[in-house]
Amino acid sequence: MLTVGDVFTSYGMIKALNGVTLSASEGEITCLLGPNGAGKTTLMFTIAGILRAQAGSIKFDGQSIERLSAAKVVEAGIALVPENRLVFPTMSVEENLEAGAFIRVAKDRAGVDDDIERMYMRFPVLKERREQMAGTLSGGEQQMLALARALMSRPRILLMDEPSVGLAPLIVEDIFQIIRDVNADGMTILLVEQNANMALSVADKFYLLEHGRVTFEGAPGELEQDEVIRRAYLGTE
Amino acid sequence: MAIERELFAKMVDFVQNCIDGIMIGAAYGLLAIGFTIIFGVMRRLNLSFGPSIMLGAFFGTWAFLTLNAAPWMVLAITIAGTVITGIYVERLCFWAIRRDATIASMVSSFAIWMQLDEVAILMLPGRTYPFPEMFVSGGLNFGPFFVRAEHLVTLLVTILMVVGIRLLLYRTTFGLALRAVSESSDAAKYMGINPSRITFLAFILVSLIGGVAGYLLLATDQQVTPYFGLWVTFKGLIAMMLGGMGSIPGAIIGGLVLGIIETQTQWYLGNAFKDMSAYVVLFLALVLRPGGLLGQGIAERQDLAFRRV
C-alpha cells in the first residue's frame, strides 16, 4: 500500500536518511524500531510531505507522493499522529477534532459531525471532555485525542510517531489496545516506537532503522527478541 | 448647595472623560486585535503594523488633496492602501524569513517601518496634512453629557467589527485554521492546513481591521503626520500588553482601559502627561500583572510556543 524506495533526506548538511527502502501492507501494523537519531521521525516527516526527499520514491496506492505538499498528502489519505501528540492546547476537544477534518470540513459538514459522534463512541472519555480545553487533558487522553483527530481526515493509513512517549506503563497498554482496535477495523498503520516490547506485541512486520538505513526487516519472532530490543535501543556498534 | 453643585460638576467631568475614553479606546482595541492576531499566528511582533496603516492613510489623504475624493472614497483608499502595504510587509519580513528566525523578522519589520516612513515623506513632503472628516459631524447630548458623532461612529464600527471577527474566528473554516496555526503551526500542517497561506490571509485581515481603525482615528483628529505609524504601533502594543497577549477580548479591554486612562490624565494633568500615562500604566501592568488583565500570561503562551519543538 505504501512503499518507500531508496529515500535520501537531509537537514542541511546532515544526512538523516541514507537510502531507506520499506513497505507497509494494507491492513497491517508495520513497526519502525531504532535508536534515537536513527531517522525514524525524519522518515515519517518525509512520507507526510513535511520534509522533502532529495532522492528516492514514495508511492501510496501506486501514486507517487514524494513531490506532494503536506496538505496534498493528507488529501491522498495519509494522516500523521505526531510525537508528543501536539493537540491544540487552548482549543476544545471538539474543535481539535474539527481541525483534524480541515481538508473536508467545508465540503462535508454533515459527514464531519457524524465522524465526531463516531469518535465519541470509540473514545467515550473525549465525549465527556468535549468542551474542555485539550491542554487540560491527561497525557493518555491527549494521545487518544491526537489519534482521533488524525482519523478525522478519513485516512487510509495512519503514521504514528512514538505514541507511548511520556505515558505511564498502564496507559501505554491502553493506547496499544486502541491501536489494535483501530487496526482491527481495517486501518493500515505505520508505527514508530521506542518501546520495542510494546511495538513487537502489535506488529505484523517490523524494520530496524540505524544511521538512516534499514538494517533488518522481518516479522516478530524471526530475530531473537532480546537481540531486536538491544539493537532497537542501542544500535549495532 | 454650592459644594454639591461643584461635586456634581466634577462627577460629570469624570464620566464625560470615561465616555470619551471608551470611544477612543475602542479604536485602540481594534489596533490591539491586529497585533494580537499576527502575534498569534506568527509568534512574532509586526512592528510595521502602525506604519503600514500610516501609509494607507497617506494614500487616502493624497487622494483627498489631489483628486478631492469623497469621504467614503478616502475610507476605501485608506483600507486598500493599508492592505497593499500589509501584503508587502508580510512578503518581505515574514514570508521571506524562516519561521524560526524570530529576531530577524522583528528587526526587518523595523527596517520596513523606516522605509514606509520614507515613502510617506516622499509622497507628501512636509509634516502635517489635513485628513478629511467623516460623513457625519456634530454630536449628541445625553443629559449633561456630550458625544461626538465621530466617536459614536467609531464605537459602533468597532462593535460591528469585533462581532464580525469573532464570527470569522469561531464560525468559519478559515477561523478554525487560523486558531489551529496560532496554537501549533506544526500540528496544523499535519492536518493539511497550510500555515503560510493562513498567515498571508491573516495579514490581509489585520490590514483591513487596521485600515478601518486608522481611518476612524484620523477622521476624528482630521490630520495625519508620518508619526502616525509610531503612534499606532505604541498604542496598539500597549493595549495588547495591557489586555494580555493572544486574547481578543483582552485586546478590547486593554484598548478601553488605555483610552479611559489617557483621557482622564489629559483632563486632570494636561496634554503633556497623556502619552506618559500610557507608559506608566504599561510599566505598572507589566510589573503587577505580566500576563495582562485578561487571558493567558505571555510566559505561558511562550511556553506553549516552545513546547512545539
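Per chain, residues are indexed from 1 in the order of the written sequence. In the order they appear in the text, chains get letters beginning with A and ligands get numbers beginning with 1. pLDDT decides what is reported in this predicted model: residues at 70 or higher carry local features, side-chain atom pairs at 80 or more are listed and counted, and totals for whole chains, interfaces and linings draw on all residues regardless. Only hydrogens and water are set aside; all other atoms, that is, all heavy atoms of the structure, feed into the side-chain values.

**Student:** Honestly, the overall build of chain A in this entry has me stumped. Any pointers?
**Tutor:** What chain A contains, in helices and strands, is 10 helices and 10 strands. For a compact globule of 237 residues, the expected C-alpha radius of gyration is about 18 Å, and chain A comes in at 17 Å, within 12% of that figure. Counting only C-alpha atoms, chain A reaches 50 × 40 × 30 Å along its principal axes. Three exposure classes are used, based on accessible area relative to the maximum for each residue type with a 1.4 Å probe and protein chains only: buried under 20%, partly exposed in between, and exposed over 50%. The buried share among the 237 residues of chain A stands at 58%. What makes two residues a contact is simply this: any of their non-hydrogen atoms within 4.5 Å. Across chain A, every contact between residues at least 6 apart in sequence was considered, and the portion connecting residues at least 24 apart equals 67%. Each helix is a run of H or I in the DSSP string that is no shorter than four residues. Each strand is a run of E no shorter than two, and both are numbered from the N terminus. Throughout, radius of gyration means the C-alpha value; the globule benchmark is 2.2 Å times the number of residues raised to the power 0.38.

**Student:** What's the story with helix α5 (residues 109–122) of chain A in this structure? I'm lost.
**Tutor:** For an α-helix, the turn length of 3.6 residues means that residues three or four places apart are oriented alike. Residue and element names in this part refer to chain A. Look at α5: 20 Å from first C-alpha to last across 14 residues, which is about the 20 Å you get at 1.5 Å a residue. Listed in full, the buried residues belonging to α5 are G111, V112, D115, I116, M119 and Y120. Buried positions along α5 lie against α3 (93–100), α4 (102–105), α6 (124–128) and α7 (139–151). For a helix, the expected span equals 1.5 Å multiplied by the residue count minus one.

**Student:** When you look at the pattern of salt bridges in this model, what are you seeing that I'm missing?
**Tutor:** Pairs can form between side chains of opposite charge whenever their charged atoms are close. All names here are of chain A. We count a salt bridge whenever a side-chain nitrogen from Lys or Arg sits within 4 Å of a carboxyl oxygen from Asp or Glu. Under the counting rule described, the total for this entry stands at 19 salt bridges over all chains. The residue K127 makes a salt bridge to E117 at a minimum N-O spacing of 3.9 Å. With K127 in helix α6 and E117 in helix α5, this pair connects stretches of sequence that are 10 residues apart. Exposure remark for K127: the relative accessible area of 39% places this residue in the partly exposed category. The salt bridge involving R130 is made with E117; its shortest N-O contact spans 3.9 Å. Linking R130 in the loop between α6 and α7 with E117 in helix α5, this pair joins segments that are 13 residues apart in sequence. One salt-bridge network, in which partners are shared between bridges, spans R104, D108, D115, R118 and R154.

**Student:** Just checking my understanding: could you explain the sheet that holds strand β4 (residues 55–60) of chain A for this structure?
**Tutor:** Residue and element names in this part refer to chain A. Each pair of strands is called paired provided DSSP finds at least two bridges between the two strands. Pairing within the open sheet is antiparallel, and its four strands lie in the order β2-β1-β4-β5. Each edge of the open sheet is held by one strand with a lone partner, namely β2 (14–24) and β5 (63–64). Note on geometry: axes are lines fitted to C-alpha atoms, helical ones only across the stretch in contact, with angles between N-to-C directions running from 0 to 180 degrees. Across the sheet, helix α1 (residues 40–48) touches β1 (2–11), β2 and β4, and the angle it forms with β1 is around 110 degrees.

**Student:** Would you mind going over the nonpolar core with me for this structure?
**Tutor:** Side chains of a nonpolar character, in soluble globular proteins, are inclined to be buried together. Among the buried residues, those of types Ala, Val, Leu, Ile, Met, Phe, Trp, Tyr and Cys that are joined through side-chain atoms within 4.5 Å form a nonpolar core. Ranked by internal contacts, the top residues of the largest apolar core, which has 116 residues, are L2 and I78 of chain A together with I37 and I193 of chain B. If one sorts the elements of this core by residue count, helix α8 (residues 195–221) of chain B sits on top with 13 residues. Dropping the residues within four chain positions of it, L2 of chain A is found in contact with L22, S23, A24, I47, I58, K59, F60, I65, I78, I157 and L190 of chain A. By size, the runner-up hydrophobic cluster in this structure holds 50 residues, among which are V112, A146, I179 and A196 of chain A.

**Student:** How should the interface of chain B and chain A be read in this particular structure?
**Tutor:** Note on interface size: it is often stated as the accessible area lost on association of the parts. The interface is formed by 21 residues belonging to chain B together with 21 residues belonging to chain A. The term buried area means the drop in 1.4 Å probe accessible area that two parts suffer when joined, counted for both and summed. When chain B packs against chain A, the two sides together hide about 1900 Å² of surface, and 72% of this comes from carbon and sulfur. The largest share of the area that chain B buries against chain A comes from E183, Y190 and M191 of chain B, three residues that together contribute 39% of it. Put simply, chain B and chain A have one salt bridge between them.

**Student:** Can you help me understand the pairing of strand β3 (residues 145–148) of chain B in this one?
**Tutor:** Along a regular strand, successive side chains alternate from one face of the sheet to the other. Residues and elements named next belong to chain B. Side chains F145 and V147 of β3 all project onto a buried face; the interleaved residues F146 and R148 project onto a face where none is buried. Strand direction decides the pairing type here: strand β2 (residues 139–142) and β3, joined by four bridges, are antiparallel. Directly across from G139, in β3, lies its bridge partner R148. In this antiparallel pair of consecutive strands, β2 and β3, the connection spans two residues, and G143 shows a positive phi of 55 degrees.

**Student:** When you look at the sheet that holds strand β6 (residues 78–81) of chain A in this model, what are you seeing that I'm missing?
**Tutor:** Adjacent strands of a sheet form backbone hydrogen bonds with each other and so pair up, either parallel or antiparallel. Residues and elements named next belong to chain A. In spatial order, the strands read β6-β7-β8-β3-β9-β10; together these six strands make up an open sheet with mixed pairing. Every other strand in the sheet has two partners, leaving β6 and β10 (213–218) as the edge strands with one partner each. On average, adjacent strands in this sheet sit at an angle of 20 degrees to one another, irrespective of strand direction. With five bridges connecting them, strand β7 (residues 157–161) and strand β8 (residues 188–192) associate as parallel partners. In the strand pairing of β8, D161 is matched with V192.

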